[in-house]
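# Architecture and fold: a report
Each chain is listed here by its residues.
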Amino acid sequence: MASPRQPVSSSSVYVGKGVGAAHDAAAVIFDASFVKRALTVARASASASYSRFCCRPHCRRRLTFGIGMTFQNLKTTTCHFRHVESMSTLRSLAGKVTGLNAVVLGEALASEDDELVFPNDDFSRQALVPSPKKYLEMYKRSVEDPAGFWSDIASQFCWKQKWGQSVFSENFDVRVGNIKIEWFKGGITNICYNCLDRNVESGNADKIAIYWEPNEPGSQDSLTYSQLLQRVCQLANYLKDKGVKKGDAVVIYLPMIMELPIAMLACARIGAVHSVVFAGFSAESLAQRIVDCKPKVVITCNAVKRGSKVIPLKDIVDVAFVESTKNGISIDICLTYENESAMKRESTKWQEGRDVWWQDVVPKYPTTCAVEWVDAEDPLFLLYTSGSTGKPKGVLHTTGGYMVYTATTFKYAFDYKPSDIYWCTADCGWITGHSYVTYGPMLNGATVVIFEGAPNYPDSGRCWDIVDKFKVTIFYTAPTLVRSLMRAGDEYVIRYSRKSLRVLGSVGEPINPSAWRWFFNVVGDSRCPISDTWWQTETGGFMITPLPGAWPQKPGSATFPFFGVQPVIVDEKGAEIEGECSGYLCVKSSWPGAFRTLYGDHERYETTYFKPFPGYYFSGDGCRRDKDGYYWLTGRVDDVINVSGHRIGTAEVESALVSHPQCAEAAVVGIEHEVKGQGIYAFVTLVEGVPYSEEVRKSLILTVRNQIGAFAAPDKIHWAPGLPKTRSGKIMRRILRKIASRQLDELGDTSTLADPSVVEQLIALADR
């Protein structure tokens, strides 16, 4: 297999016609100066130029880059813009990237230059936000006049009744009283109507809403917006007939078949609260969620085939029902879709009186269904996320603000055009599948690709086969998948055209610069900007993200905040840190997509997110801001290792390791150390064909020492043929911590792993 492609060596790269190709037209480049406490930005202009040789092999053409941008009358009497004002004066000459700095939370970082990647003029001219100037104008209004900014956008949607005089109300400070966030309260709407009926009525009835790619290559299915609306109405009528009404919960345990978004939209249409459970969770996990939200109906299918493996979902549901019944919650209706490509009906275990085949009942219902109009603050869905106590947290999102925010973030972060074909590889069992597979795209009338199978089946070229098949223009995926495909080798990518692609996206965790560059250079042919998004289940939508075409990107940086989002970096005492710094990422003031509470546990909601730093929403993530004002996410704060007083983000050590040419992937955890307090334990997967050796081990450690410092050097390199991951690609760090500390009797539930055998392999290699 080919080794991952090494980063391009040039200091500035243009999104253009090949790796490092610079567009001939003048580019916007700025002089770096982070404004620490600027109260007024008035008539700031910069002009300069520099030149360098083109970085394409054997080309010695000298390229000249000019500067010329003027910002006028951007005046403010607050510090709202200190984290974006630097955009007006970005550095004119970037140095070669040598790696990421260490994260020492609460302390300033040593400076290093970072590579810049510029959009070409053609892309920027057609972009929704074509320049830093336009972004700053919109951002300025969004934080100075959030009511006006968001009400103008919200007015583009259908409301049965407009909201009251107050667009939003909030309390972010637990010292003042209970935390409360409300947007568009009193406004009456329905998100399903806005996703489907509005598109049909506006002339998009025959536009493809969903392309569906099954697990096995060679076939496909699709639904137009009109057909999707009819399917949704049939299921909505069935649910109503079975007594499901506004405010009732419905649990959905389905794989990535078209019936999953259909079920979500059907619940939303009648005002029911859906709770999608990822169809990789165990029976115990499913039972916990059933007991907590007490659903009227559970929707599942008999089985799913991922790759060559058949997963009997109905059997898992049956076990979950036994567990939930023990806890006093019994389910009367289990609506089951027959996924005949994975399992025939006659092979499915069945309980008469409770279990019902979808195909036997739902198609009999009418294809029209009256909409249940709901208040903007009525609940839309529950989505359970992991908690440090072991009990899942039921994140509750409401209707109006979430609708407006997901639609707007999708539109701008992907520079969406009506002709785009959009594919997000996430499962609807996670927030990404809610916001950016179902609601955000369909609120914009987009055509969405849904894929049932595994991205490496039948081989590692499957993603690019699908891209070519459907002419995908926007491709949004996780860094874990990027690194996995990077490890497989370039040949699986370059055998396909991928010429339809114009925007790439990354979600789920910080993407290390080497993976970013491979994604950009190989997958995107160095012509597609990457929307490296930072957000959370709790935020509902993107919080910090590039806007394609608006400004230069830095590999691995989420760049700047989205409209209306005011991120701050604080130290351990909660004091805001200005300028170039590192610390805890918080947000001040609410945004429409914010979650409103944890279901049934508002006290935990306040304690987890608002008490650590009163007056702010605490993200739980570490972050650094560089001298140009770019934000770099460094991983969860609980993924921070305290080594001899140095607080080191695990993501930073992992990024240094994977920059080594023989390292395909790495995961770092902390272990107890009798001298240093904590030591650094690194699980390392090598590039295909590279043998384990002491020489490679020493080289990996040296790489970390050189890029971060001796204090961050791993104490242990543990060879890993693979890492324990869920079927969605999430690394199960809990398992790695137990293996590292040799607490093998406390590994817990490994049923959600894509390949449980990886755990035994890691244990066998523990002392090698």
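These notes cover the structure that comes with them. Sequence positions are assigned chain by chain, starting from 1 and proceeding in written order. Thresholds applied to this predicted model are a pLDDT of at least 70 for local features of residues and 80 or more for the giving and counting of side-chain atom pairs; totals over whole chains, interfaces and linings are not thresholded and use all residues. With hydrogens and water set aside, each side-chain value is computed from the structure's full complement of heavy atoms.

This next bit is on the pairing of strand S15 (residues 273-276). Each residue is assigned to one of three classes by its accessible area relative to the maximum for its type, calculated with a 1.4 Å probe on protein chains only: buried under 20%, partly exposed between the two thresholds, exposed over 50%. Helix numbers and strand numbers start at the N terminus; a helix is a DSSP run of H or I with at least 4 residues, a strand a run of E with at least 2. Of the two faces of S15, the one lined by Val273 and Ser275 and the one lined by His274 and Val276 are each fully buried. By the bridge criterion, 4 bridges tie strand S14 (residues 249-253) to S15 in an arrangement that is parallel. Looking at S15, one finds that Ile252 is bridged to Val276. One crossover worth recording links S14 to the parallel S15 by way of helix H6 (residues 259-269), and it is right-handed. Pairing between strands is defined by DSSP: at least two bridges between them are needed. Orienting the strands away from the viewer, one traces the path from the first strand over the helix to the second; a clockwise path indicates a right-handed crossover.

Taken together, the 4 strands give an open sheet; going across it, the order is S29-S30-S32-S33, and neighbouring strands pair in antiparallel fashion. At either margin of the open sheet sits one strand with a lone partner, and together these are strand S29 (567-570) and strand S33 (631-636). On average, each strand axis in the sheet is tilted by 45° relative to the strand beside it, whichever way the strands run. Here S29 pairs with strand S30 (residues 581-587) via 4 bridges, running antiparallel. If you follow Val568 over to S30, its bridge partner there is Cys586. Between the N-to-C directions of two axes lies an angle of 0 to 180 degrees, each axis being a line fitted to C-alpha atoms and, for a helix, fitted only over the stretch in contact.

Further remarks concern unusual backbone geometry. In this structure, Pro458 follows Tyr457 across a cis peptide bond, with omega equal to 0°. Secondary-structure assignment places Pro458 in the loop between strand S25 (447-451) and helix H12 (462-470). One non-glycine residue, Lys294, lies in positive phi territory at about 50°. In this fold, Lys294 is placed in the loop between helix H7 (283-293) and strand S16 (297-301). On the accessibility criterion, Lys294 (51% relative accessible area) is exposed. A positive phi angle, close to 60°, is found at Ser526, a residue other than glycine. With respect to the helices and strands, Ser526 occurs in the loop between helix H15 (513-523) and strand S28 (530-532).

Tracing the chain through its elements places Arg697 in helix H18 (residues 694-707). Not counting residues within four places of it along the chain, the set of residues in contact with Arg697 comprises Ile717, Trp719 and Arg768. In what follows, residue pairs with any heavy atoms lying within 4.5 Å of each other are defined as contacts.

Quick look at the side chain of Thr726 now. Relative to the helices and strands, Thr726 is located in the loop between strand S38 (716-719) and helix H19 (733-740). Excluding anything up to four places from it in sequence, Thr726 contacts Met732, Thr752, Leu753 and Ala754.

This brings us to the pairing of S16. Of all 5 residues in S16, 5 are buried; the element is thus mostly enclosed. Residues of S16 alternate between two faces, with Val297, Ile299 and Cys301 on one and Val298 and Thr300 on the opposite face, all of them buried. With 4 bridges joining them, S14 and S16 adopt parallel strand pairing. Along S16, the bridge assignment pairs Ile252 with Ile299. Note that S16 and strand S19 (residues 333-337) share 5 bridges and pair parallel. In the strand pairing of S19, Cys301 is matched with Tyr337.

Pairing is mixed in the open sheet, where 7 strands are placed in the order S13-S12-S25-S24-S26-S27-S28. Whereas interior strands pair on both sides, the edge strands pair on one side only; in this sheet they are strand S13 (221-224) and S28. Ignoring strand direction, the axes of neighbouring strands in this sheet form an average angle of 20°. Note that strand S27 (residues 503-506) and S28 share 3 bridges and pair parallel. Each bridged residue has a counterpart across the sheet, and for Gly505 the counterpart in S28 is Ser531. Of the strands in this sheet, strand S12 (208-213), strand S24 (421-424), S25 and strand S26 (474-477) touch H12, which is tilted by about 145° from S12.

Here the focus is the packing of aromatic side chains. Geometry of aromatic contacts follows a simple scheme: Phe, Tyr and Trp rings, the Trp one being its six-membered ring, pair when their centres are within 6.5 Å, and the pair is stacked under 30 degrees between planes, edge-to-face over 60, tilted otherwise. Using the criterion set out here, one finds 56 aromatic pairs in the structure. An angle of 80° between the planes, with centres 5.1 Å apart, marks the rings of Phe381 and Tyr402 as edge-to-face. Linking Phe381 in strand S22 (residues 379-385) with Tyr402 in helix H10 (residues 400-413), this pair joins segments that are 21 residues apart in sequence. Look at Phe381 and you get buried, because its relative accessible area is 0%. One aromatic cluster is present, formed by Tyr135, Tyr139, Phe149, Trp150, Tyr405, Tyr412, Trp551, Phe560, Phe562, Phe563 and Tyr630 through successive ring pairs.

Turning our attention to the packing of helix H3 (residues 146-154) against H10. Relative to each other, H3 and H10 sit at 85°, their axes nearing to 10 Å. When the interaxial angle is binned, H3 and H10 end up roughly perpendicular. Residues Trp150, Ile153 and Ala154 of H3 pack against Val404, Tyr405 and Thr408 of H10. In this classification, Asp, Glu, Lys and Arg are treated as charged, Ala, Val, Leu, Ile, Met, Phe, Trp, Tyr, Cys and Pro as nonpolar, and every other residue, Gly included, as polar. When the residues that make up the contact of H3 with H10 are grouped by side-chain class, the tally is 5 nonpolar, 1 polar and no charged. Should an angle fall under 35 degrees it is called roughly parallel, over 145 degrees roughly antiparallel, and 65 to 115 degrees roughly perpendicular, with every other angle called oblique.

Within the secondary structure, Gly271 is located in the loop between H6 and S15. Judged by relative accessible area, Gly271 falls into the buried class, the value being 8%. Taking the C-alpha atoms as reference points, Gly271 and Gly247, 24 residues apart in sequence, are found 6.1 Å from one another. Setting aside residues no more than four positions away along its own chain, Gly271 makes contact with Lys245, Lys246, Gly247, Glu372 and Val374.

On to the nonpolar core. For soluble globular proteins, nonpolar side chains are generally found buried alongside one another. Counting residues in each nonpolar core, the largest one holds 158 residues, and the members touching the most others are Phe184, Leu196, Leu228, Leu235, Tyr439 and Phe563. Of the residues forming this core, the biggest block, 9 residues, is contributed by helix H5 (residues 225-241). Look past the residues within four positions of Tyr439 in its chain and what remains in contact with it is Ile191, Cys195, Met264, Leu265, Ala268, His274, Leu380, Tyr402, Thr406 and His434. As used here, the term nonpolar core means buried Ala, Val, Leu, Ile, Met, Phe, Trp, Tyr and Cys residues forming a set that is joined through side-chain atoms within 4.5 Å.

A separate point is H7. For H7, the buried fraction is high: 8 of the 11 residues fall into the buried class. Every buried residue of H7 is accounted for by Ala283, Ser285, Leu286, Ala287, Arg289, Ile290, Asp292 and Cys293. Residues of H7 that are buried in the fold lie against S14, S15, S16, helix H8 (313-326) and S22. Looking at the residues trailing H7, positive phi occurs at Lys294, about 50°.

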